Amino acid sequence: ADRVSREVLASGLGAAMTDTLFLPLDIIKLRLQLQGATKGTLSGQGAYYPGMVSGLTRIAREEGVKGLWGPGLTATWMRA
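Treat the numbers as computed from the prediction; the structure is a model and nothing was measured.

1. Thoughts on the side chain of Q35
- Looking at the element boundaries, Q35 is found in helix α1 (residues 2–39).
- When its relative accessible area of 13% is taken as the criterion, Q35 is described as buried.
- For Q35, the side chain forms a polar contact with the main-chain nitrogen of Y49, separated by 2.8 Å.
- In this structure Q35 touches A47, Y48 and Y49, once residues within four positions along its chain are discounted.

Have a look at this one:
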């Protein structure tokens, strides 16, 4: 039983760490998709978020670094 509980704890912590690391990429991916859906184009010309790196930079600059993790981190951890 002790081994099983350690494995469950390790897998939960691993999932939480992975979610924390990759949540900013999910946030910018979602914003890029929504931007394309609302403008009816996926071209990037005149886009508020023209790409992944510039989008992450813009979010960090305008919303602070917390903006990269703030929306949805707790819910993501609960799912892990």
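2. Looking at a nonpolar patch on the surface
- A cluster of nonpolar side chains, L21, F22, L25, M52 and V53, forms an exposed patch at the surface whose accessible area comes to about 480 Å².
- Of all the secondary structure elements, the ones that give two or more residues to the nonpolar patch are α1 and α2 (52–63).
- At 3 residues, the largest contribution of residues to the nonpolar patch is made by α1.
- Along the polypeptide, F22 turns up in helix α1.
- Of the residues examined, F22 reaches a relative accessible area of 43% and is grouped as partly exposed.

3. Quick word on the confidence of the model for the protein
- Predicted confidence across the protein gives a mean pLDDT of 85, with 88% of residues reaching 70 or more.
- Considering each helix and strand of the protein separately, the mean pLDDT is smallest for helix α4 (residues 73–79), with a value of 83, and largest for α2, with 93.

4. Comments concerning the packing of aromatic side chains
- Using the criterion set out here, one finds 1 aromatic pair in the structure.
- Considering the side-chain rings of Y48 and Y49, the 4.9 Å spacing of their centres and the 85 degrees angle between planes classify their relative orientation as edge-to-face.
- Owing to a relative accessible area of 40%, Y48 belongs among the partly exposed residues under this scheme.
- Y49 sits in the buried class, given a relative accessible area of 10%.
- The lysine or arginine in question, R58, covers the ring of Y48, its NZ or CZ lying 4.0 Å from the ring centre.

What counts, and at which threshold
Residues numbered from 1 in each chain as written. Predicted model: local features only at pLDDT ≥ 70, side-chain atom pairs only at ≥ 80, totals over all residues. Heavy atoms only, no water. Helix = DSSP H or I, 4+ residues; strand = E, 2+ residues; numbered from the N terminus. Buried < 20%, exposed > 50% of the residue type's maximum accessible area, 1.4 Å probe, protein only. Polar contact = N/O pair within 3.5 Å; in protein donor to acceptor, adjacent residues only side chain to side chain. Contact = heavy atoms within 4.5 Å. Patch = residues over 30% accessible without salt bridge, like charges linked within 9 Å, V, L, I, M, F, W, Y side chains within 5 Å. Areas by Shrake-Rupley, 256 points an atom, 1.4 Å probe, with all protein chains shown as cover. Salt bridge = Lys/Arg side-chain N within 4 Å of Asp/Glu carboxyl O. pLDDT = per-residue confidence, 0-100. Phe/Tyr/Trp six-rings, centres within 6.5 Å; stacked < 30°, edge-to-face > 60°. Lys NZ or Arg CZ within 6 Å of the ring centre and 35° of its normal.

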